[in-house]
Each structure stands twice: as structure tokens, then as C-alpha cells.
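Below, each chain spelled out in residue letters.
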Amino acid sequence: MARIFSGIQPTGIATLGNYLGALRNWVALQEGEDEGIYCLVDLHAITVFQDPAALREQTRQMAALLLACGIDPERSVLFHQSAVSAHARLGWIFNCVARMGWLKRMTQFKDKAGKDQEAVSTGLFVYPNLMAADIHAYHATKVPVGDDQLQHIELANDIAEKFNHDFGVAFFPRIEAVVQKESARVMSLRDGTKKMSKSDPSDMSRINMTDTADVIAQKIKKAKTDPEPLPEHVKDLEGRPEARNLVGIYAAIMGQKPHEVLHQFAGSGFGPFKQRLADVLVAHVEPIGRRTREYLADPTALDHVLQAGARKAEAIAEPIVREAERLVGFLPRG
Ligand code: AQP
């Protein structure tokens, strides 16, 4: 049995990108033998300023959404990161193991910091070290993520290797990213070259997992496309990022390959295809939104689910992080 770890930032409402790239995979993995640990990474969220009341609200909202998607707290460990101090403690150790040059190569930092790198928080820069700690605090070996996170997973392996080398141990195992090929990266509905993101200023750029049927239909209708009809072959989607994205979304929802989608819709204009896409999205997403609202109606129950999850997470992480602290040379906590 392997241990799986993954996380999501409670920085807004999860998007279709988060769902197809990660959350749906987490739910499917519950059917296997492996132990799943799923974390609402609020420490990561505050690398960009969050209004405190909104952060509390968004954390409960994300918990409700994960439950609505099918994460079962009896079978998986579901909790919020700040409730388990092992993350921050190991994160600090990893800040002292990782090298500046490694972090400077992280493309997500460059994307998120944009042109004004001097003005962003130092937390945003060392974010990948904390992410490495999130995983290694559990000796997890499988990490289901969207492909935007692959560089961070490589870094987490580099950090573990350097820690093991520096202290002459084989303590942290190698980790492996589990990426769903077809839906590894869902792109913005307004710009097919940018990933769909919950913090994009334009709500029209994404499908939120709590959007109503009308809103979903409207967003798909308005999604950017090009004037050409859908082609017969996948290779002809090259240079047509918006068309490729919509075909990819349809394929991911229907469990098909893009060439099967094109087989069905080749020669069709975007009108009928978008109509069909909106229908399948509504059928899939709307029930999740409805269940999310039901869970949100009882915030105390949600807090209890997360607190019980945090106790289970702590029982796993605490001995591992104490051993890391011992290896580094810290005196016992007593
Ligand atoms: N567009 C996407 N397509 C596929 N997978 C995606 N993921 C995120 N966006 C897409 C995957 O969702 C998981 C959780 O992501 P996160 O919340 O930790 O942070 P993120 O990758 O930065 O996602 P967002 O939506 O863009 O958040 P903000 O706007 O707050 O920065 C990860 O496994 C990620 O790969």
C-alpha cells in the first residue's frame, strides 16, 4: 500500500480545471488500495494576501466541495494544513536545504510574481519548499496533480535527495506525480494559452464548480473560439488553442479521447458543439454545486470533519517530522 498526498489552495471556488486536473482523480484513487491524504493548503493560500474572513469562508467552501465531489472522510484523510504544525516545521527545514538557484527556476513563481518580483511575499518564493514538506511529512510517494505542478514535484525530489545526502540517511523516499493525461491542463475560456485559474480576475474565464446551469451555458456560449469548423484530425487543432481546449474538456468529461470527439463533431461549427458541451457540463457540474451548498449549510459539521481529519494527519506526520528534526540535530521536544 502506498500513501497518496495532494492539496488544493482555498483561494476561491474550485474550477473545472482543479476538478478535471486533480479532484476527480483524488476521488477515483479512493477505490484503490492506497491511503489518500487530502489537504486544504491554507498556509500556501496566504502567500498572496487573503482577507481573513474570506479565507475562513473559502476553506469551508473547499471542504464542502471536496465532500460533494465524493471525498469520503472515512476512507481518506481530509484536513486543513494550518491545523498540523508538522507542515510548517518541515517546511522551515526544507527552506534551509533547498538552494536559491533551484527556486529561481520555478516557472510558477515567475508567472505569479509577474514583472514586479520585488513586491511579492517571500512566502511565494519558498512556496515549493513547503509543498515538498507537505508531501514528505507523510512519507507519501504518489502525488496526483495537474501538469502545472510537475516542476514542483521534481524540486521536492531534489530536496529529499539533498536532505538524505547531507545527513547520510535514506529517510525521505522518492515521490511520483500522478497526472491524468487527457485533462492535465484545462485552459482559460477567454485565452486558450493561459491555464484556467480560480484567481483569474475574469469570472468568464472559468467554470466554477458551483456555477448554476444558466451560468455554465452562458460561459460556454461566450467562450472564445475561432471561425473555422472543428477539424477531422487532432493534429489540425495545432495553433487553435481555444478549440483544442474545448475539445479536451468535452473529452475529459465524457471519458473519451480527443480523436473520438472530433470523429463525432468534425465539420461542425462551434454553435452546435458548444451547445452539446454546455449540456454535458451542466449534467456533470451542477449536482456537485448543489451538494456543495448542502454541506455549506452546516459549517460546524464541516469544521468537525476537518478537525477529525487533522488529528489523523497529525498522528501520521508527527513521528516523521520529529525524526527529521532529530536527524537535523534538534534536541527532543520531551
Ligand atoms: N487549469 C488547470 N488544469 C488542470 N489542473 C489544474 N490545477 C489547477 N489548475 C488547473 C490543479 O489543481 C490542483 C490544485 O491547485 P491549487 O489550488 O493548489 O493551485 P493552482 O495550481 O495555482 O490552481 P489555481 O486554480 O490556478 O489557483 P490560484 O488561482 O489560487 O493560483 C493542483 O493539482 C493543480 O495542478
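Before any of the text, the structure's been laid out above.
In this text the structure is predicted, and so the values were computed from the model without any measurement.

The rules we used
- Residues numbered from 1 in each chain as written.
- Predicted model: local features only at pLDDT ≥ 70, side-chain atom pairs only at ≥ 80, totals over all residues.
- Heavy atoms only, no water.
- Disulfide = S-S within 2.5 Å.
- Core = buried A, V, L, I, M, F, W, Y, C linked by side-chain atoms within 4.5 Å.
- Buried < 20%, exposed > 50% of the residue type's maximum accessible area, 1.4 Å probe, protein only.
- Helix = DSSP H or I, 4+ residues; strand = E, 2+ residues; numbered from the N terminus.
- Domains from an automatic or database assignment.
- Contact = heavy atoms within 4.5 Å.
- Expected span 1.5 Å × (residues − 1).
- Bend = angle between axes of the 7 residues up to and from the residue.
- Salt bridge = Lys/Arg side-chain N within 4 Å of Asp/Glu carboxyl O.
- Axes fitted to C-alpha atoms, helices over the stretch in contact; angles between N-to-C directions.
- Parallel < 35°, antiparallel > 145°, perpendicular 65-115°, else oblique.
- Nonpolar A, V, L, I, M, F, W, Y, C, P; charged D, E, K, R; others polar.
- Phe/Tyr/Trp six-rings, centres within 6.5 Å; stacked < 30°, edge-to-face > 60°.

> Before we move on, could you go through the state of the cysteines and cite the residues and values that matter?
Taken as a whole and judged by the stated rule, the model has zero disulfides. No disulfide involves Cys39; its sulfur sits 16 Å from the nearest other cysteine sulfur, which is in Cys69.

> Tell me about the nonpolar core, and please be specific about residues and values.
In this structure, Leu16, Leu23, Ile249, Phe273, Leu277 and Leu281 are the most contacted members of the largest nonpolar core, which totals 54 residues. Among the elements that make up this core, the one with the highest residue count is helix α12 (residues 270–296) (nine residues). Mapped onto the domain boundaries, this core takes at least three residues apiece from domain 1 (3–185 + 298–328) and domain 2 (210–294). Every residue in contact with Phe273, bar those within four places of it in the chain, is listed here: Leu230, Leu246, Val247, Tyr250, Val261, Phe265 and Ser268. Counting residues in each nonpolar core, the second largest holds 47 residues, with Phe125, Met131, Ala137 and Ala324 among its members.

> Go over α12, please, and point to the residues and values.
Quick reminder: α-helices carry 3.6 residues per turn. Residues three or four places apart thus point the same way. Helix length check: α12 (27 residues) gives 36 Å between terminal C-alpha atoms against 39 Å at 1.5 Å per residue, within 8%. Considering bend angle alone, the principal kink of α12 is centred on Val282 and spans about 30°.

> So, the pattern of salt bridges: which residues are in play, and what are the values?
All chains considered together, the criterion is met by 21 salt bridges. The shortest N-O distance in the salt bridge between Glu318 and Arg89 comes to 3.0 Å. Here Arg89 lies in helix α4 (residues 86–95) and Glu318 lies in helix α13 (residues 299–328), a separation of 229 residues in the sequence. Overall, Glu318 belongs to the buried group, its relative accessible area being 12%. Across the salt bridge formed by Glu318 and Arg322, the nearest N and O atoms sit 2.8 Å from each other. Separated by four residues within a single helix, Glu318 and Arg322 lie in helix α13, roughly one turn from each other. Arg322 gets classed as partly exposed once you look at its relative accessible area, which sits at 37%. It is possible to trace a salt-bridge network through shared partners that takes in Arg89, Glu318, Arg322 and Glu325.

> Before we move on, can you summarise the packing of helix α10 (residues 241–254) against helix α11 (residues 258–265) with the specific residues and values?
At a minimum axis distance of 9 Å, the contact between α10 and α11 shows a crossing angle of 105°. Considering their axes alone, α10 and α11 lie roughly perpendicular with respect to each other. For the pair α10 and α11, contact is made by Val247, Tyr250 and Ala251 and by Pro258, Val261, Leu262, Gln264 and Phe265, respectively. The residue inventory of the contact of α10 with α11, partitioned by class, reads seven nonpolar, one polar and no charged.

> How would you summarise the packing of aromatic side chains if you had to cite specific residues and measurements?
The final tally for this structure, using the stated rule, is twelve aromatic pairs. Ring geometry for Phe163 and Phe167: centres 4.8 Å apart, planes at 45°, overall tilted. In this pair, Phe163 and Phe167 are both assigned in helix α8 (residues 150–167), four residues apart and thus about one turn of the helix distant. Assessed through its relative accessible area of 0%, Phe163 is described here as buried. Taking relative accessible area as the criterion, Phe167 reaches 32% and is therefore assigned partly exposed. On the basis of an interplanar angle of 65° and a centroid distance of 4.8 Å, the ring pair of Phe171 and Phe172 is categorised as edge-to-face. Phe171 sits in the buried class, given a relative accessible area of 16%. Here Phe172 falls in the buried class, since its relative accessible area comes to 5%. Of the aromatic side chains, those joined through ring pairs into one cluster are Phe94, Phe163, Phe167, Phe171 and Phe172.

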